[in-house]
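Read off the chains here:
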Amino acid sequence: MRKIAGILLVIFCAAGMLQAQIPTSGNIFVGYSFSQTNSFGGTTALNGWEASLEGKILPWVGIVGDFGAGYGTDNYAPPCPSSGCGFLGSSVRRYTYLVGPRVSVPIKRFTPFAQALFGAAHENDLGNTDTSFATAIGGGVDYRLIHGLAVRLQGDEIHTNFFSTGENHFRFSAGIDLRF
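Not measured: the values here are computed from a predicted model. (Residues numbered from 1 in each chain as written. Predicted model: local features only at pLDDT ≥ 70, side-chain atom pairs only at ≥ 80, totals over all residues. Heavy atoms only, no water.)

Chemist: Mind showing me how you'd approach the pairing of strand 5 (residues 110-125) here?
Modeler: Side-chain direction in a regular strand flips from residue to residue, so the side chains alternate between the two faces of the sheet. Sheet topology note: the strand 5/strand 6 (residues 128-146) ladder contains 16 bridges and is antiparallel. The partner of Asn-124 across the bridge, within strand 6, is Thr-129. Taken together, strand 5 and the strand that follows it, strand 6, pair antiparallel across an intervening segment of 2 residues, in which Leu-126 is found at a positive phi of about 55°. (Pairing = 2+ DSSP bridges. Helix = DSSP H or I, 4+ residues; strand = E, 2+ residues; numbered from the N terminus.)

In structure tokens, the structure reads:
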């Protein structure tokens, strides 16, 4: 009986120590985003937002869900009849839904990171809509202000294939990172 009790005690202690080794931390980022897209009227600047949620699976590796939206105005000039010409303005909207791994290493108040995200993007331009596979490869740095709160600067190369045309555009993001 003592032998079984000793074995159970060792198993419960080992399980408790192993459970303590599983990181439960992560972060939530919300901020401003700037990017561009190729639209029917040329290249359009997109201002919008980005939000991400990261859960750590190891102290330096996490899984990220990233969502973003960019909004812009496409000033496009249709073919002109002889009676007059003008520019038509139309809104351009792009949404991204991405997931993937992020590697980060805290160094004092700074936490630089690199990520590779994959998923989908949806664009609406002049009433024409398209959805494509999307990737975002990039990284950034968090600067810890106080415990649980940091400021983030981030840059990603976004690749999409809207309307059968491959596009690569840089996305810059800046905002607040809440750590838990």
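Chemist: Would you explain the pattern of salt bridges in this entry?
Modeler: Here the idea is simple: oppositely charged side chains can pair when their charged atoms come close. In this structure the tally under the stated criterion is 9 salt bridges. Across the pair Glu-54 and Arg-102 runs a salt bridge, and its minimum N-O distance is 3.2 Å. Of this pair, Glu-54 sits in strand 2 (residues 42-58) while Arg-102 sits in strand 4 (residues 88-104); the two residues are 48 residues apart in sequence, bridging distant segments of the chain. Each member of the pair, Glu-54 as well as Arg-102, carries the same accessibility label: buried. Among the ionic pairs, Asp-142 bridges to Arg-179, the shortest N-O distance being 3.6 Å. Of the two residues, Asp-142 sits in strand 6 while Arg-179 sits in strand 8 (residues 165-179), which places them 37 residues apart along the sequence. Look at Arg-179 and you get partly exposed, because its relative accessible area is 27%. (Salt bridge = Lys/Arg side-chain N within 4 Å of Asp/Glu carboxyl O. Buried < 20%, exposed > 50% of the residue type's maximum accessible area, 1.4 Å probe, protein only.)

Everything listed here is a matter of coordinates, which is why it stays silent on function.
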